[in-house]
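# Summary of structural features
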Amino acid sequence: MLGLTIESSCDETSVAILEDGRNVRANIVATQIDIHKMYGGVVPEIASREHISSISQVVEEALQVAKINFSDLDYIGVTYGPGLIGALLVGVSYAKALAYSLNIPIVPTHHIEGHIAANYITHKDLEPEFLALVVSGGHSHLIHVKDYTDFEVIGKTRDDAVGEAFDKVARTLGLGYPGGPEVSKRASEGKPTYSLPKTKFDNLDFSFSGIKTAVINIAHKEGSNLRVNDMCASFENTVCEELVDNTMKAMNILNLNKVVLAGGVSANLHLRHLLSNEAKKMGYECFVPDLKYCTDNAAMIGSAAYYNFISGKKYNIEDKLDLNAVANLNIGK
Ligand code: KG4
Ligand code: ZN
């Protein structure tokens, strides 16, 4: 079964071709990071325009790399939310037109389900059920993955997403966009000598705006005396501990034995090590995605789309011409 999938929810125009949901035949990612860097973050209008100008070329390239023609495809998958509405609409409109012209089904797919599915590509034997810690620029969720298409959110951030906090801290410290990779690099050269607050709730929710504000306040107070690398190490350590503490608590409550990391922040080496080590101590199996599938890419969406397809969440395009993008699409129940 061959599916072509489009991802355009933020600042990467990506097209992938997957065989049977786990075999990546092509995964082309056209990133816009260099353009948005100038503005210190993603500019939605520019993102939409860039998607429009590159999408056809990225589709062509994916077909060439996979060495297939349009006529070989069984379905078209597409991210329809959550994300930037204008950016999503480019992918959704293109996917609808493609499915219509080829007369094959369309499979609308949730972006976060895609991040989780990045692990199915990396770990060919991984199967639900498990707990997923999803950490990206827009989300920090603990999700009980009961089956390939059955999700329940059991904890989430009450304010900033963790990637967003990394990006805001980086901006305060003058480290550019996207902030996560740079904060992480500086952290590896520093020591966690600043004391930063952790927020705890009675349930499994997170909060990252307090720690972000603490970093901003210390940075303003210390000015040029701020030890930037030490601050990055302190921020990274505190945030990762908060994430992993809640994850271990959830594993215990749900009585699960497999934990999966997902989302752009899963590229953070400290988080990968801390989660793997804590899971090992508790006797849990821990899965992290291959680094190339951590940040946004269409291969991960393609894997989630495949499982939607085989579970019947696919649509004859004639019945789905009203498919729309949904900026704040929820996941699970
Ligand atoms: O999943 P993603 O590509 O986009 C969303 O769906 O939001 O995640 C992007 C986020 C950005 O906030 C970026 O700073 C963060 O992932 N990120 C990292 C690292 N690499 C990317 N955060 C911490 N450490 C990293 N190595
Ligand atoms: Zn993402």
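Being a predicted model, the structure only gives us computed values, none of them experimental.

## Concerning the pairing of strand S9 (residues 258-262)
Taken across its five residues, S9 has five buried, putting it largely inside the fold. On S9, burial covers both faces: Lys 258, Val 260 and Ala 262 on one face and Val 259 and Leu 261 on the other are all buried. With four bridges connecting them, strand S6 (residues 130-135) and S9 associate as parallel partners. Bridge pairing links Ala 132 to Val 260 in S9. Relative to strand S10 (residues 285-287), S9 runs parallel, the two sharing three bridges. Across the sheet, residue Val 260 finds its bridge partner in S10, namely Phe 287. For the handedness criterion, the β-α-β arrangement of S9, helix H9 (residues 269-282) and S10 is classed as right-handed.

## Here's the deal with the pairing of strand S4 (residues 75-81)
By the criterion of burial, S4 is predominantly enclosed, with six of the seven residues buried. Two elements, strand S1 (residues 2-7) and S4, share four bridges in a ladder whose sense is parallel. From the neighbouring strand, Leu 4 faces S4, where its bridge partner is Ile 76. Once you follow S4 into helix H3 (residues 85-102) and on to strand S5 (residues 106-110), the crossover reads as right-handed.

## Digging into the pattern of salt bridges
Throughout the structure, instances matching the rule amount to 15 salt bridges. Two residues, Arg 158 and Asp 205, come together in a salt bridge whose shortest N-O distance is 3.0 Å. Here the residue Arg 158 occupies a position in the loop between strand S8 (150-156) and helix H5 (162-172), and Asp 205 occupies one in the loop between helix H6 (179-187) and helix H7 (209-222), the gap between them amounting to 47 residues. Given a relative accessible area of 49%, Arg 158 falls into the partly exposed group. A salt bridge links Arg 227 to Asp 230; its shortest N-O distance comes to 3.0 Å. Shared partners join several salt bridges into a network, and the residues in it are Asp 160, Glu 164, Lys 168 and Lys 212.

## Looking at the nonpolar core
Residues Phe 235 and Leu 243 are the most contacted members of the largest nonpolar core, which totals 44 residues. Listed by contribution, the elements that provide at least two residues to this core are S6, H5, H6, H7, helix H8 (228-254), S9 and H9. A total of 11 residues in this core trace back to one element, the largest contributor, which is H8. Other than its neighbours up to four places away in sequence, Leu 243 contacts Leu 133, Val 135, Val 162, Phe 206, Phe 208 and Leu 271. Core analysis: the next-biggest nonpolar cluster, separate from the first, contains 28 residues, Ile 6, Leu 63, Val 90 and Ile 104 among them.

## Remarks on the coordination of the zinc ion (ligand 2)
Binding of the zinc ion (ligand 2) to the protein goes through His 111 (NE2), His 115 (NE2) and Asp 296 (OD), at separations of 2.0 to 2.1 Å. Positions of the donor residues of the zinc ion (ligand 2), expressed as sequence spacing, correspond to H-x3-H-x180-D. Here His 115 and His 111 lie together in helix H4 (residues 111-122), a separation of four residues that amounts to about one turn. The pair His 111 / His 115 is uniform in exposure class, with both members buried.

## Observations regarding the sheet that holds S8
The strand order across the open sheet formed by five strands is S8-S7-S6-S9-S10, and the pairing between neighbours is mixed. Edge positions in the open sheet fall to S8 and S10, since each of these has one partner strand only. Direction aside, neighbouring strands of the sheet carry axes that sit 25° apart on average. Pairing between S6 and strand S7 (residues 140-147): six bridges, direction antiparallel. The residue of S7 that forms the bridge with Leu 131 is His 144. Here H8 sits on the sheet in contact with S6, S7, S8 and S9, set at roughly 160° to S6.

## Looking at the site of ligand 1
Taken together, 17 residues lie near ligand 1, and His 115, Gly 137, Asp 167, Gly 180 and Gly 264 sit nearest. In this structure, His 115 approaches ligand 1 through a side-chain N or O atom, which is 2.9 Å from an oxygen atom. Measuring from a nitrogen atom of ligand 1, one finds a side-chain N or O atom of Asn 268 at 3.1 Å. Looking at the shell around ligand 1, the elements with two or more residues in it are H4, H5 and H6. Of the residues belonging to the shell around ligand 1, the class tally is four nonpolar, 11 polar and two charged. Two domains each put at least three residues into the shell around ligand 1: domain 1 (2-116 + 294-319) and domain 2 (128-288).

Reading the values: rules and limits
Residues numbered from 1 in each chain as written. Chains lettered and ligands numbered in written order. Predicted model: local features only at pLDDT ≥ 70, side-chain atom pairs only at ≥ 80, totals over all residues. Heavy atoms only, no water. Buried < 20%, exposed > 50% of the residue type's maximum accessible area, 1.4 Å probe, protein only. Helix = DSSP H or I, 4+ residues; strand = E, 2+ residues; numbered from the N terminus. Pairing = 2+ DSSP bridges. Right-handed = clockwise from strand over helix to strand, strands pointing away. Salt bridge = Lys/Arg side-chain N within 4 Å of Asp/Glu carboxyl O. Core = buried A, V, L, I, M, F, W, Y, C linked by side-chain atoms within 4.5 Å. Contact = heavy atoms within 4.5 Å. Donors = N, O, S within 2.8 Å, 3.2 Å for Na, K, Ca; no water. Axes fitted to C-alpha atoms, helices over the stretch in contact; angles between N-to-C directions. Near = heavy atom within 4 Å. Polar contact = N/O pair within 3.5 Å; in protein donor to acceptor, adjacent residues only side chain to side chain. Nonpolar A, V, L, I, M, F, W, Y, C, P; charged D, E, K, R; others polar. Domains from an automatic or database assignment.

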